[in-house]
Amino acid sequence: EYLLPVLVVGVCCGELCDLRSPVDECELQVELIQTASILEERVQGPKGDAFEDAPLRASVFDHEAEKAPTSLVKALLAKIQNPERVLMIESHSAAGVNNATAAASSATLSTPNSLEVLGAASAFSLTVILVALCLFGCVRDRYPAVYLKKVNDPGSHGEVPPDISSSFGWMTVCWRLPVDEIANHSNLDHGMLVQFCDAAVMCFLSTGLPALLILCPLCALLGAGTASNLGLLGFANVAKGSWITYLYPIFVWYTVVVTQAFIFRAQRAFVERRYQWLRTMTEPRANSVLLSNLPDNLMKESALRTFLEEQIFGASNREVLQSVSFVKDTNQLDKLITERARYNEDLQKLMQGEVHERRKAVARAEMSKVEAQVAKLQGIIEQSDDYNLNLAFVSFHDRHDAVIVLKLFAPGGNEDIIAELPPDTDDVIWNDLRPSQSQWLYDFSGYFLLGFVFVIFVPLVAYNASFTEVAVWEKNDSNVKSFMNLYPAVAVFSDAIVAPLVLIFLMGILCSIIASILVNFFVLKARGILQHLVQRWYYVYLVIFVLFLTAVGKSLTNSLDDLFKDPKEIPKVLAESFADSILFYMDFIVLTCCIYVLALLRLMPLYRYRIHSCVYEDRIAIAKSEPEDQDYNGMGARSARLSLCYVVVLILGTLAPVITILGAILFAICRIVFTYLFVYAETLKPDLGGLFWHQQLKHVQLGTFLYIALMTVLLLQRAPNYIPGVLCGSSVLFMAFSYYTFLHKFRWEQLEFSEIPAKVSEGAPEIPRVYGHYKQPELPPPKSKENQKLQRAATTMRARVDACCDVGPQRREKRDMSRLKTMP
């Protein structure tokens with residue numbers, strides 16, 4: 001199908017170029033006649049003598065032309081005289097020009113149509129989903145420690161999750177489980193990720209069904225008829241100057257308005273959940289702030305207390321501050337602690353072995369000496385202000401005072417001091433709170449590596465977009481061409497799954513690389529902040545690679561040449577690239593469905609559990625098998641990938657309404673899968689209280705601007721006049737107003753003063769809502785004020801009581817291990 005269009009384009013280029021050599025012109029015409037003869041022979045059988053491969057002289061051109069089949073030659077020459085027709089043939093080469101050309105192309109080049117490709121991708125994805133569900137049903141009951149570890153754990157409301165003992169009943173339960181229930185059994189971030197899936201399903205159905213019922217029949221029945229298969233149902237079948245283009249601005253406006261309506265409704269519900277999350281936050285996080293960028297005159301505890309109590313609050317008759325914990329420089333102490341750990345390990349080996357008691361006594365004496373040095377240096381560092389850094393955790397007696405400080409010294413204000421809501425006590429990365437003086441070098445290296453990774457992945461993604469099609473393989477290798485002609489089904493499946501799966505694989509590797517760079521070169525302060533940074537950086541790379549570079553990469557060299565010659569054509573080239581790549585993105589969405597279903601298998605935790613269960617007892621093997629890979633399956637990467645899928649469907653939903661149904665199916669699958677993982681299988685994660693959700697909505701808003709720009713450019717090219725394009729572009733005014741309102745109307749970061757709970761509110765639990773402390777683990781812990789029976793993980797969404805568990809103020813790893821040892 002592509003052989004004749006390529007031939008015609010080559011002849012057009014030869015006619016349009018100013019060829020000064022008459023010999024070259026004659027050779028080009030002779031090659032045209034030779035190719036025409038070959039095509040004619042393949043369709044009707046061999047006729048006449050074959051042309052020789054030796055170049056012919058210009059004098060014999062007329063003689064050879066008479067010997068060539070005149071019908072096809074005249075047809076080709078007629079096409080040459082009509083360049084517009086040639087361009088139309090090139091753009092719709094997949095449909096063919098006439099029966100003879102279609103027969104010849106089918107005999108020489110195996111290029112499957114769009115419907116076959118989408119059907120192959122759907123069949124592959126459905127097969128993987130069915131196999132994954134069957135395997136999941138087998139391993140779920142066999143390894144409940146991996147797949148059902150939280151089935152009997154009560155949530156923050158004191159109730160256990162719904163029963164999912166039936167084979168496939170868990171799907172119905174997970175589909176119907178409310179978002180608030182999911183947040184109670186996991187955390188608010190997880191609940192809002194499921195809420196994002198719900199909003200996406202409703203939005204795509206609301207915008208896609210009207211387009212399917214109105215635009216698709218109009219395009220199929222009243223379109224130009226130049227498209228084929230799936231192209232008949234979309235914008236590809238709309239002829240230039242068609243009156244159908246006047247309907248597209250209406251659907252663009254409708255899509256923008258409906259999207260914003262769903263976003264605002266979901267955001268209002270999120271604000272209520274965020275306020276509830278803030279009200280139920282445990283102390284000391286609820287009544288504390290993290291002050292950073294403190295000046296030198298405030299890097300003493302007495303000076304900071306005086307500044308806050310007298311200059312900020314002017315309180316001389318009441319005690320404002322509960323505690324002030326500066327981040328200390330403990331480099332010297334770290335060396336002694338490392339030495340103590342080494343002595344302790346040696347002592348344990350001696351105690352277990354059969355050695356002389358004198359050696360054991362010497363080891364105990366050395367251990368005691370090191371412990372005394374550690375205790376002495378701990379006391380010096382704790383009491384001296386010389387080791388203070390410019391960060392401090394400040395806890396207040398009254399929560400109102402903490403909110404005042406957060407609002408007064410909020411980031412982006414006029415003050416040099418920055419006040420932030422502190423991370424969970426279990427989630428703090430203390431080493432990142434003590435950055436070295438050469439941190440600027442680490443930052444520079446991190447940004448350089450992020451740019452270097454971008455440069456490395458550009459050719460990989462472009463190569464995947466350009467050279468993973470069957471037509472390219474056949475062009476480069478005649479053996480592949482023969483094989484594809486013998487087995488056309490292989491060609492269909494190759495075009496359907498190779499390029500999307502390779503792109504998904506590359507983006508998975510990219511996620512791990514980005515996370516490694518961020519954690520090793522940047523100051524994060526908390527593990528949850530790492531996931532938030534991964535979400536922001538990863539999404540930018542996804543948009544560039546999956547949207548722009550993949551769309552343009554199918555003809556990257558020609559596109560770059562055109563862009564360098566005329567930069568004004570950039571919007572036009574991008575718009576045409578998106579429109580021509582709709583089939584690829586349909587396959588991408590379909591194959592992403594099976595990738596998310598495979599997440600149910602939890603292969604890496606299962607593998608680690610099987611390995612460790614051979615060495616350790618069951619409870620230790622469970623602890624060592626968790627969590628899942630936090631690079632690819634962390635909240636940041638999951639949120640970024642879902643935002644990308646939403647934006648892809650949103651941008652192409654009006655051009656090809658079929659993709660909106662595929663997008664709705666994808667997010668419905670994600671809703672079921674993530675609900676099961678969050679409620680029944682995965683361990684609790686640090687809770688940022690909806691930061692991932694808010695970032696996702698910002699990504700969707702920015703994607704809506706891209707959608708408006710794409711449709712405006714396409715309508716300006718295809719419509720009979722500029723009116724449809726202008727009407728479509730005018731929706732950007734409404735979108736700009738909506739985005740500004742979204743950013744400034746909703747105040748969700750902190751509680752309003754009227755929303756702050758009192759010390760003891762009605763209905764409050766009788767157990768003290770105190771957990772953890774903000775003191776470095778290298779220093780002696782403060783006197784414990786927390787409930788010793790309060791068991792909770794790194795989230796403030798729950799407060800559980802477990803009589804068998806003694807939660808001490810040690811680091812998270814040690815506490816988790818001791819908790820497992822005391823479990824029955």
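Residues numbered from 1 in each chain as written. Predicted model: local features only at pLDDT ≥ 70, side-chain atom pairs only at ≥ 80, totals over all residues. Heavy atoms only, no water.

Got a sec to walk through empty space enclosed by the protein? Specific residues and values, please.
Take a probe with the size of a water molecule and roll it over the atoms, and the empty space left behind shows itself. Summed over the entire model, instances satisfying the criterion amount to 9 cavities of 30 Å³ or more. Lining the largest cavity we find 14 residues, and of these Ile-504, Phe-588, Thr-592, Tyr-632 and Arg-641 sit closest to its centre. Within the residue set of the lining of the largest cavity, elements represented by two or more residues are α20 (488–521), α21 (527–553), α24 (582–598) and α27 (635–652). Looking at the lining of the largest cavity element by element, the count peaks at 4 residues for α24. Of the residues assigned to the lining of the largest cavity, the class counts are 11 nonpolar, 2 polar and 1 charged. (1 Å grid on protein atoms, 1.4 Å probe; cavity = no way out; pocket = protein on both sides within 12 Å on 5 of 7 lines; lining within 4 Å. Points joined across faces, edges and corners; volume = space filled by probe spheres on them. Helix = DSSP H or I, 4+ residues; strand = E, 2+ residues; numbered from the N terminus. Nonpolar A, V, L, I, M, F, W, Y, C, P; charged D, E, K, R; others polar.)

Could you give me a rundown of the sheet that holds strand β1 (residues 288–292), with the residues and numbers involved?
Read from one edge of the open sheet, 4 strands run β2-β3-β1-β4, paired in antiparallel fashion. Looking at the sheet topology across the chains shown, the edges are occupied by β2 (321–328) and β4 (418–420). Going across the sheet, the axis of each strand differs from the next one's by a mean of 25°, ignoring polarity. Sheet analysis places β1 next to β4, joined by 3 bridges and oriented antiparallel. Opposite Leu-291, over in β4, you have Ala-419 as the bridge partner. Packing against the sheet, helix α16 (residues 399–408) makes contact with β1, β3 (388–396) and β4, and its axis sits at approximately 30° to β1. (Pairing = 2+ DSSP bridges. Axes fitted to C-alpha atoms, helices over the stretch in contact; angles between N-to-C directions. Contact = heavy atoms within 4.5 Å.)

Could you give an account of a nonpolar patch on the surface, naming the residues involved and the relevant values?
A contiguous nonpolar surface patch, about 950 Å² in accessible area, is contributed by Leu-221, Leu-222, Trp-243, Tyr-246, Leu-716, Tyr-722, Ile-723, Val-726 and Leu-727. Counting only elements with at least two residues in the nonpolar patch, the list comes to α11 (188–222) and α30 (723–729). Take the nonpolar patch: its biggest share by element is 3 residues, from α30. Within the secondary structure, Leu-727 sits in helix α30. Taking relative accessible area as the criterion, Leu-727 reaches 42% and is therefore assigned partly exposed. (Patch = residues over 30% accessible without salt bridge, like charges linked within 9 Å, V, L, I, M, F, W, Y side chains within 5 Å. Areas by Shrake-Rupley, 256 points an atom, 1.4 Å probe, with all protein chains shown as cover. Salt bridge = Lys/Arg side-chain N within 4 Å of Asp/Glu carboxyl O. Buried < 20%, exposed > 50% of the residue type's maximum accessible area, 1.4 Å probe, protein only.)

Which residues make up unusual backbone geometry, and what values go with them?
The omega torsion across Glu-283 and Pro-284 is 10°, close enough to zero to call that bond cis. Tracing the chain through its elements places Pro-284 in the loop between α12 (248–279) and β1. Put simply, Glu-626 and Pro-627 share a cis peptide bond, and its omega is -5°. Non-glycine residue Lys-525 carries a positive phi angle of around 75°. Note that Lys-525 resides in the loop between α20 and α21. For Lys-525, a relative accessible area of 22% puts it in the partly exposed group. Of note, the phi angle at Arg-602 is positive, near 50°, even though the residue is not glycine. Within the element layout of this structure, Arg-602 appears in the loop between α24 and α25 (603–613).

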